[in-house]
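# Summary of structural features
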Amino acid sequence: MKSYVVAVLVCVVLAGRQVAGDDLPACQPKDFHYEYTECDSEGGRWRVSVPKPDTCIGGAPNPPVRGKDCSFTCSAGQFLDLSADQTCQPCPAGTYSLGGGVRFDDWEKIPDVFSVTSEGLESSFLWRGRSGHGSGNCSKSMWKPRGAYVYSLPAACTTSLTYATKLVKGGHVTFEYQYRDPETIFHFIVQNDQCQAAEDENSSRWPEVTEEGKWGSMTVALKTGTNILQWRVIGALSDMVGSQNPILIRKIEITGVAFTSECTKCRNGTYSSGGTAFCAPCEANKYSGRGATQCEACKSDEYAEPGSRICSKRPPCTKYDYYEYQTPCDQNKQTRRTYKWIEPRTCNDKVAGSVSLPASTDLKSCPPCNSGMHPVNASHCEFCPDGHYSDGASACHACPVSTSPEYGLDYQWWTVMPPNASSHCIPMGLGQCSENAGWQPAGDYIQTSFGPSDRNTFLALGLYVEGFRGEPTTSGGKLSVLGQVKFTFEVNCSISCELVFLSDAKGRNNVVQSWMGSVKRQEFVYDIHTNGPVTLSWAFQPLSYDMEEEEGEDPGSKLTTIGLDSVAKIYSIKVTNTLGGGATNCLACPKGISEKGCVPCPDGQYIEQKSTQCVECPPDTVLPSSNSWGKDSCKICGEGLKAIDKRACKSDCQFTDKAGRLYDFTALDGVHYVQGGRLFTSSGTMYYHGFNLTLCNAKNTELPVCINNVTADTQMLNMPTKVFGMVCRSTLIPQSDKAKPLVSTQPASLATHLTKIVNNVSLADMYTAGGFNAEGSELDVHFYYKSDTPTMACPEGRTTVISLRCDPDEKANNSIYLPPKCSDGTCDGCTFHFLWRTQHACPRCQREDYDVIRGECVGGEQLIHYYPPKFCLPLDGEGLKPMKQKCQLLPFVVMVSIPVALGVGLILILMLIYCWSRNKKLEYKYCKLVESAGGRDGELPGVESCGMEEGEEDESVHFSDSKGPKLLQKIRLKISGVKNKDDDNPFVAVRMHEKLPLT
């Protein structure tokens, strides 16, 4: 059915052509040209004659002829002549050919055979809660042409440059590129016509990181058939770390394609003499058009830069066409500033409006040599010999006995380039730098200098240091500082520009700090923690990549007007404690002198300034073996760390908090792996970050390692194949073939050393920002780590916090979680946070923490049970098992209280009875007394009865002066059994001498 539809369409097209071609003449033999048919099943093809489209109709074409084998190609510099005997012929002058290949090196625009796509990153984790990220505007990251190269500026997007080709035999693709930022993923993929990766190791390659300004090259084998080549840039972390380093590609060359029946014309500004595989660029002040066989010279009043297509009128000379420099000191030790035209010269100083070359300044005395150096002749300074020192203004002096020079580099005068410094101009494209382009000494400072034609270039100043004295150690939770780099600088920019300071102290060129735009004069300090050789670099570039260009404007042409005003100046550079260089003074050596200088004091000792002797550091401080002066050199260990042999601060995986509770993390030590959230591009490409970490490394085993397995070059200096650290991270990309190993790239050390261990601190803000539950976070134990390696986004380095939370039910040791809202482990790119839930984060219980429950007393014994609380782990040993102890049915207090209570109760009852009986008697006596009153005026009225019932004896009542027995006497009599004479008489006789009224 499909073939039928195609046939119908062909018929319709032919019919249309027949109608349109009714007015065309009949084809003549000259109207035909030869083409090859598609390859048949036998690998062959036919040469057929085909009329030129829309020129004629009909005619008598030549009969088909069997053509060359499908795998046949010509050599480089040749083409296949189909019009004759199908033989390879050399390319005519003004053209070139790769034979069976194709080359792309002209990027005035992106060729039509390429396609450019860009898509935003999609992840349910990474970009959650981050405004401005995700599948937003990716236009700035699109591949864009810039004359000599094509580039892509990293962003939170995936940008692809794609080219499809059909190979008649196995070939190769070779491309030249610049890839300077390892935080950006650069991926090259080869797919078939089904957009599936080829089943071999060449289908997916990861270009190596290149050094600043240098071009890398990669060659990948291609198979016969359709090959889809894709250069992909993934800037997943670019926005987070502030990356502004673009990926550049300047040349792509493919071999193994079908023959070429005609050679390619040379592009503008190049030429060839014929039979070549490339076209050579024209020299300066020469030009050529497309397909030129030679370059033409410009007129005397015109100029042309190398590779120009036209000559331009020489403009009037301006201040940008010359440069100043400091002349070397003469025999009289005098110097001056003089001026020279920039070569090759492009301006005309004879026309109106041109400036003249300024006159040289007056002679003045030369400045002294830099510290540690001495004059060799009138114009040259050298470092003092070993064992000598100098202030630069005088000759070298030998150090006194038992002293050693304090070596360093101290550059404050810039009459000439120092012996271990160099300047380079690095073009970004195929152009060349002018003669003077670079860092030029100017007496009081060294400054950048560009020529009018120095477009798309940057200037690099390099300083080589052969090493530093001492051994790298950890002190006070930080890496010990072996040396320092101090420099004073200033930047003045008229357009967008950048000064970058780099160091390879970490094994590859790392950007230590960068400054965008103008910067006032200031000092920058950089600490050195290694003792190996270090190359320090300062790179200045006056044009940023994101500057928009007007249509048809030559990229970088703005430099000819205002860009050359941009200049960077360095006034001084000082490097301390170096192995070589010069010395300004000598230091005392308490332990003597060796070939390397002073014999250092033992670990834990410093040099006392007055006695110049090695003195012990205070307790609980560390100081690695060195020649450090003063007690301040001794460093206190971070909280929770211990001083090991007075040399380093470490943890033994045990921690005691301020309340005296002991935490034992020994079972957690070792290397652990944590996987970040899976990230996807819109096309479905998956990658994620993997973290390797160790808690305390108490056994001093090898630290966790993150690898880069995208290259077999283990000696590559600019991108390490392995990175060690207490916490490290790498980007992992699964391959389509699950049998193949994961691709691991971009290894980075997030923590090189442990700085402190704390608890009872609130990290609620960090917990909340990352999506962790902050409730109870003050009970967690926090391990703080530090990596002092600076990045563009983290100039102070990175910090990692591992928080351990007590969970008695979590018996596994690998329950480590990343922040739910920031699945890459960081919410700002500089501080990484992990939450580790484990029973080993619970402290050891103390005896007073246990809940005590006493059992029932049985047979004079009882069991005592101890139950630990949930927030701690039970103690080991027999002491807290259930215990038996003697007991009584009633507690001792109760047993003592019972008789006492009974006695008190008995006494109270007796007193109550006594009071009651006594009250009855008094009542009766009172009644009798009232009755005997007789009812006189003013007396109480009588009563009808005194309470005596019938039959009671009526005894007279008389009053007596004697008093009755006291209460105690009566009780005693009762107890003794002796009767009182009044016991049977309830009334006591009272003798009344006279009667008195009651009122």
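Residues numbered from 1 in each chain as written. Predicted model: local features only at pLDDT ≥ 70, side-chain atom pairs only at ≥ 80, totals over all residues. Heavy atoms only, no water.

## Some remarks on the overall build of the protein chain
When helices and strands are tallied, the protein chain shows five helices and 71 strands. When burial is assessed residue by residue, the protein chain has 44% of its 999 residues classed as buried. Long-range pairs, those at least 24 residues apart, make up 65% of the contacts in the protein chain between residues at least 6 apart in sequence. As displayed, the protein chain has an accessible area near 52,000 Å², and 53% of this comes from carbon and sulfur atoms. (Helix = DSSP H or I, 4+ residues; strand = E, 2+ residues; numbered from the N terminus. Buried < 20%, exposed > 50% of the residue type's maximum accessible area, 1.4 Å probe, protein only. Contact = heavy atoms within 4.5 Å. Areas by Shrake-Rupley, 256 points an atom, 1.4 Å probe, with all protein chains shown as cover.)

## Focus on the side chain of Arg798
Assignment of secondary structure puts Arg798 in strand 66 (residues 798-806). Residue Arg798 is classed as buried on the basis of its relative accessible area, which comes to 6%. Once residues within four sequence positions are removed from consideration, Arg798 is found in contact with Glu183, Arg729, Ala748, Ser749, Leu750, Tyr785, Lys786, Ser787, Thr791, Gly829, Cys830 and Phe832.

## Quick word on the state of the cysteines
What the rule picks out here adds up to 21 disulfides. For Cys637, the disulfide goes to Cys649, at an S-S distance of 2.0 Å. Since a negative S-S torsion denotes a left-handed disulfide, the Cys637-Cys649 link at about -80 degrees is left-handed. With Cys637 in the loop between strand 52 (635-636) and strand 53 (642-644) and Cys649 in strand 54 (residues 648-650), this residue pair connects regions lying twelve residues apart in the sequence. Both residues of the pair, Cys637 and Cys649, belong to the buried class. (Disulfide = S-S within 2.5 Å.)

## Examining the sheet that holds strand 70 (residues 861-867)
Backbone-to-backbone hydrogen bonds pair the strands of a sheet. The strands run either parallel or antiparallel. Pairing is antiparallel in the open sheet, where three strands are placed in the order 69-70-71. Either end of the sheet is taken by a strand with one partner, and the two such strands are strand 69 (851-854) and strand 71 (883-886). Adjacent strand axes in the sheet meet at a mean angle of 30 degrees, parallel and antiparallel pairs treated alike. Bridge analysis of strand 70 against strand 71 gives four bridges, and the strand direction is antiparallel. Within strand 71, the residue paired with Ile864 across the bridge is Met883. (Pairing = 2+ DSSP bridges. Axes fitted to C-alpha atoms, helices over the stretch in contact; angles between N-to-C directions.)

## Considering the pairing of strand 65 (residues 781-787)
Where burial is concerned, most of strand 65 is hidden: seven out of the seven residues are buried. Here strand 65 shows no split at all, with Val781, Phe783, Tyr785 and Ser787 on one side and His782, Tyr784 and Lys786 on the other all buried. Sheet topology places strand 65 next to strand 66; seven bridges connect them, and they run antiparallel. Looking across to strand 66, one finds that Tyr785 is bridged to Thr800.

## Notes on the sheet that holds strand 68 (residues 831-838)
Taken in spatial order, the five strands of this open sheet run 64-65-66-68-67, and their pairing is mixed. One side of each edge strand has no neighbouring strand; the edge strands of this open sheet are strand 64 (753-759) and strand 67 (816-817).

## Details of the environment of Thr448
In this structure, Thr448 sits in strand 36 (residues 446-449). We classify Thr448 as buried; its relative accessible area is 5%. Sequence separation between Thr448 and Ala568 is 120 residues, and the spatial gap between their C-alpha atoms is 5.6 Å. Residues within four places of Thr448 in sequence aside, it is in contact with Gly438, Trp439, Leu459, Phe540, Ser566, Val567 and Ala568.

## With respect to the pattern of salt bridges
Overall, the coordinates contain eleven salt bridges when judged by the stated rule. A salt bridge links Glu616 to Lys646; its shortest N-O distance comes to 2.8 Å. Linking Glu616 in strand 50 (residues 614-616) with Lys646 in the loop between strand 53 and strand 54, this pair joins segments that are 30 residues apart in sequence. We classify Lys646 as partly exposed; its relative accessible area is 39%. Close ionic contact of Arg837 with Asp807 constitutes a salt bridge, the shortest N to O distance being 3.5 Å. Within this pair, whereas Arg837 is found in strand 68, its partner Asp807 is found in the loop between strand 66 and strand 67, the two being separated by 30 residues in sequence. Looking at Arg837, the relative accessible area reads 27%, which means it is partly exposed. (Salt bridge = Lys/Arg side-chain N within 4 Å of Asp/Glu carboxyl O.)

## A look at the pairing of strand 66
Of all nine residues in strand 66, seven are buried; the element is thus mostly enclosed. Here eight bridges tie strand 66 to strand 68, and the two strands are oriented parallel to one another. Among the inter-strand pairings, Ile802 is bridged to a residue of strand 68, identified as Phe834.

## Considering unusual backbone geometry
Unusually for a residue other than glycine, Asn285 sits at a positive phi of about 65 degrees. Considering the arrangement of structural elements, one finds Asn285 in the loop between strand 20 (280-281) and strand 21 (286-287). Its identity as a non-glycine residue notwithstanding, Asn697 has a phi of 50 degrees, on the positive side. Summarising the element assignment, Asn697 is placed in the loop between strand 59 (686-694) and strand 60 (705-707). Its relative accessible area of 12% is what places Asn697 among the buried residues.

## Some points on the side chain of Thr346
With respect to the element layout, Thr346 can be found in the loop between strand 27 (337-341) and strand 28 (364-365). Accessibility expressed as a relative area gives 12% for Thr346, which makes it buried. Not counting residues within four places of it along the chain, the set of residues in contact with Thr346 comprises Tyr303, Arg314, Pro315, Asp321 and Pro452.

## A look at the confidence of the model for the protein chain
Averaged over all residues, the pLDDT of the protein chain equals 79, while 80% of them reach at least 70. Here helix 1 (residues 2-20) is the element of the protein chain with the lowest mean pLDDT, 39, and strand 45 (residues 567-576) is the one with the highest, 95. Taken together, the stretch residues 712-719 has pLDDT below 50 and engages in 20 contacts with residues farther than four places along the chain or on a different chain. Of the regions scoring below 50 in pLDDT, residues 953-964 engages in 19 contacts with residues more than four places distant in sequence or in other chains. (pLDDT = per-residue confidence, 0-100.)

## Notes on the packing of aromatic side chains
Inspection of the entire model under this criterion finds 32 aromatic pairs. Arranged with centres 5.4 Å apart and planes meeting at 90 degrees, the rings of Phe487 and Trp538 form a pair that is edge-to-face. Note that Phe487 is positioned in strand 40 (residues 483-492) and Trp538 in strand 44 (residues 534-541), a separation of 51 residues in sequence. Pair check on accessibility: Phe487 and Trp538 agree, each one buried. One Lys or Arg, Arg47, reaches over the ring of Tyr34 and ends 3.9 Å from the middle of that ring. Between the NZ or CZ atom of Arg521 and the centre of the ring of Tyr571, over which it lies, the distance is 3.8 Å. (Phe/Tyr/Trp six-rings, centres within 6.5 Å; stacked < 30°, edge-to-face > 60°. Lys NZ or Arg CZ within 6 Å of the ring centre and 35° of its normal.)

## Things to note about helix 4 (residues 892-931)
Counted at 1.5 Å a residue, the expected span for helix 4 with its 40 residues is 58 Å, and the 59 Å between its end C-alpha atoms agrees. Tyr924, Cys927, Lys928 and Val930 are the residues of helix 4 that are buried. (Expected span 1.5 Å × (residues − 1).)

## What about a nonpolar patch on the surface?
A cluster of nonpolar side chains, namely Phe892, Val893, Val896, Val900, Val904, Ile907, Leu908 and Met911, defines an oily patch on the protein surface of about 790 Å² accessible area. As for its placement among the helices and strands, Met911 is situated in helix 4. (Patch = residues over 30% accessible without salt bridge, like charges linked within 9 Å, V, L, I, M, F, W, Y side chains within 5 Å.)

## A word on the environment of His529
Among the secondary structure elements, His529 is positioned in the loop between strand 43 (519-528) and strand 44. Taking C-alpha positions, His529 is 8.3 Å from Thr473, a pair spaced 56 residues apart along the chain. Not counting residues up to four positions away in its chain, the partners in contact with His529 are Pro472, Leu479, Ser480, Val481, Leu482, Lys506 and Asp788.

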